[in-house]
Structures are given as structure tokens and as C-alpha cells.
Amino acid sequence: MNKTESIEDFYRNKLNWMPDNLKKGLGHFNVFKLDDFCGPQAKPMPYSRKDYFKISFILSKNRAHYADKVVETDGPTLLFANPQIPYKWEPLESVYSGHFCIFTEAFFTQFGNIKDYPVFQPGGNPLFQLSDDQIEPIRLIFEKMHAEMASDFSFKYDVLRTLALQLVHLALKIQPAKTSLYEASNAATRIASMFTELLERQFPIESNGQQITFRSPTDFASQLAIHVNHLNRALKETTGKTTSQVIAERVTQEAKMLLLHTNWNIGEIAWSLGFEEPPHFINFFKKQVELTPKTFRESAN
């Protein structure tokens, strides 16, 4: 898998210039026409994580590789990408069109936590295929973004935050989330949120010298300073799954990505995911996927 692409890498590799105001502490936003980045001379997008958020409005047929999934769409699509999950998309037509915007997490500081929205969460649905009546409202939002970026309005970045959130809300209306972002917070949801933050902090694994630290429910409970039974009840209440199930699903997702997108051997992947011996990892993976790691890797080629 390619190393994480920073927002500086994006400008350097795609545009060969760097905005003067690109300061992570202050946040950054920009919007582009997809047409300018596609075609015979365009560089292929590597399968990698980015350290910024991205919302793409793709009008042509395309194939999206997202985490351990591959999804083909036969028409206009809205794609939400976050820094935690690697992705790339491939156009399936000779004519490409659309728009995309990129922004850093800091761009929304003091305006809510953009990561809390389901479209940007690991395990959420990042792809939305659009009906004919949904295309024009989204196109107009991107056109407004382009107009604001070109303006000298003093508060244009406030307007751009609002427009980006409009895209998020439109997507959530297309396919409502299973749980509400605005539910009243309680002890269980707070614990689940802290657990998820601790779990996700261990990823991405970008080198075979990197190893996750916490793998068992007891490890996480100790870090959160609560009893493991308390953690288990909180996750069961908020996700319907046990702590062990949530951990296993996330480790399996990372294992699939490493098997598909690196040339690391099974022992290196096992060690990176916290398994003492390769056979332990092989048995774990087979239980989760019903295939050995080797068979899974070979079947995908």
C-alpha cells in the first residue's frame, strides 16, 4: 500500500504548486473540477490513505476501491473519503466529469466534529449512487463552492463550511444513518466513542515495522480505566456487538487491506496485527473470513 498522501503531496503531485495559506493549524479548503484531473495525461490515483477529507461528485461510471471493498456504480455518485480509510476510484468511461472538494479536519474546528458524521466513520457507507432528481442540487452546491472560492468575500470560508455540510446532510437523507448523530449523549455512548478513538488510533499500519498495541478487550478496558464488563455492556448497548467482535472486525478489515495492497508475507502481517505467531493469525483470519490469508490473497489476484 502507498504511504499516506498529505494535502501537501496532493498539491505537489497534481498541481505542481502550493497554496500560500496552506497551514494545517488554520485549516484548509479547496474545490476542483474533476475534468481537470482525468484524461490520457492524468496520473493514476494510488490506493492509499490521505491525511485530508474529500467529497467527490462523479458523473461518469466508475469503480471505487474503499477499505477492503470494491464497488462499481453505473451513474452519478457521491463519494466521501476520510483520512482513516485508504481508497481510490477508477473511471469506467472515456469521458469523465464532476467536481471534488478537499479539506482538513482543522477547517471545521469550533464548528463541530466532522468525523462524527456517519459518512466519514469507519464502517459507514461512503458511496451514494444518485437518482436523476438528486444530481442538480448537488451540482449547484459545487458551483456555489467554485464561486465562493473565486470571490473576495471576507466570510467565504464560513459559506464553504455550510456548503460542505449541505453535501453531508443530503447524503444522510439519501440513506439515513442507523443511529442519530444528535442522540443525547450518555455514559455508554461516551465510552463507546472513547473506545473507537483508541481502536482507530492504532491504524493505519503503513510499514511492517509497525505493530498495534491493544488487541484484547482487557487491553482497552485498562486504557479507559474501566472494568472490561462495563466496556462490553457499553458497546453492546451502542453497537449491538461485543468488544471482541468490534476488535475482530477492525483487525480483519486491516488484514484484508494488507493482504490485498502490500507484498508483505503472512508472518509480517501477523506480527503487525499483534499476533505472536503466524498460525494464530491464520486461524483467526480463517474464522472471520472462511478463507486462509494465502487463499484470500490469491483469490483476489
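Further up the page is the structure itself.
Quantities reported herein were computed from a predicted structural model and do not represent experimental measurements.

What about the overall build of the protein?
Right, on to step 1. Across its full length, the protein holds 10 helices and 8 strands.
Right, on to step 2. When each of the 301 residues of the protein is scored for burial, the buried share is 44%.
Right, on to step 3. Once local pairs closer than 6 in sequence are excluded, the contacts in the protein between residues at least 24 apart make up 70%.
Right, on to step 4. On the protein, roughly 15,700 Å² of surface is accessible, and the fraction owed to carbon and sulfur atoms is 50%.

As for the pattern of salt bridges
Right, on to step 1. The final tally for this structure, using the stated rule, is 7 salt bridges.
Right, on to step 2. Measuring nitrogen to oxygen at the nearest pair gives 2.8 Å for the salt bridge that ties E249 to K241.
Right, on to step 3. Since its relative accessible area comes to 40%, E249 is described here as partly exposed.
Right, on to step 4. Residue class for K241 comes out partly exposed when judged on its relative accessible area of 30%.
Right, on to step 5. Each member of the salt-bridge network shares a partner with another, and the members are E136, R139 and E143.

Side note on the sheet that holds strand β1 (residues 29-33)
Right, on to step 1. As summarised here, the arrangement of the 5 strands in space is β1-β7-β2-β5-β8, forming an open sheet in which the pairing is antiparallel. A strand with exactly one partner marks an edge of an open sheet, and here the two such strands are β1 and β8 (127-129). Neighbour-to-neighbour, the strand axes of the sheet open up by a mean angle of 10°, direction not taken into account.
Right, on to step 2. One ladder, built from 5 bridges, connects β1 with strand β7 (residues 98-103); its direction is antiparallel. Bridge pairing links F32 to F100 in β7.
Right, on to step 3. In this fold helix α2 (residues 132-150) packs onto β1, β2 (53-58), β5 (77-81), β7 and β8, with an angle of close to 120° to the strand it touches most, β1.
Right, on to step 4. Those strands touched by helix α3 (residues 156-174) are β1, β2, β5 and β8, and its axis lies near 115° from that of β5.

With respect to unusual backbone geometry
Right, on to step 1. Phi at A225 takes a positive value of approximately 60°, unusual for a residue other than glycine.
Right, on to step 2. The topology assignment puts A225 in the loop between α5 (217-224) and α6 (228-239).
Right, on to step 3. Assessed through its relative accessible area of 68%, A225 is described here as exposed.
Right, on to step 4. For E290, which is not glycine, the phi dihedral falls at a positive 65°.
Right, on to step 5. Taking the relative accessible area as the measure of exposure, E290 reaches 67% and is therefore exposed.

The rules we used
- Residues numbered from 1 in each chain as written.
- Predicted model: local features only at pLDDT ≥ 70, side-chain atom pairs only at ≥ 80, totals over all residues.
- Heavy atoms only, no water.
- Helix = DSSP H or I, 4+ residues; strand = E, 2+ residues; numbered from the N terminus.
- Buried < 20%, exposed > 50% of the residue type's maximum accessible area, 1.4 Å probe, protein only.
- Contact = heavy atoms within 4.5 Å.
- Areas by Shrake-Rupley, 256 points an atom, 1.4 Å probe, with all protein chains shown as cover.
- Salt bridge = Lys/Arg side-chain N within 4 Å of Asp/Glu carboxyl O.
- Pairing = 2+ DSSP bridges.
- Axes fitted to C-alpha atoms, helices over the stretch in contact; angles between N-to-C directions.

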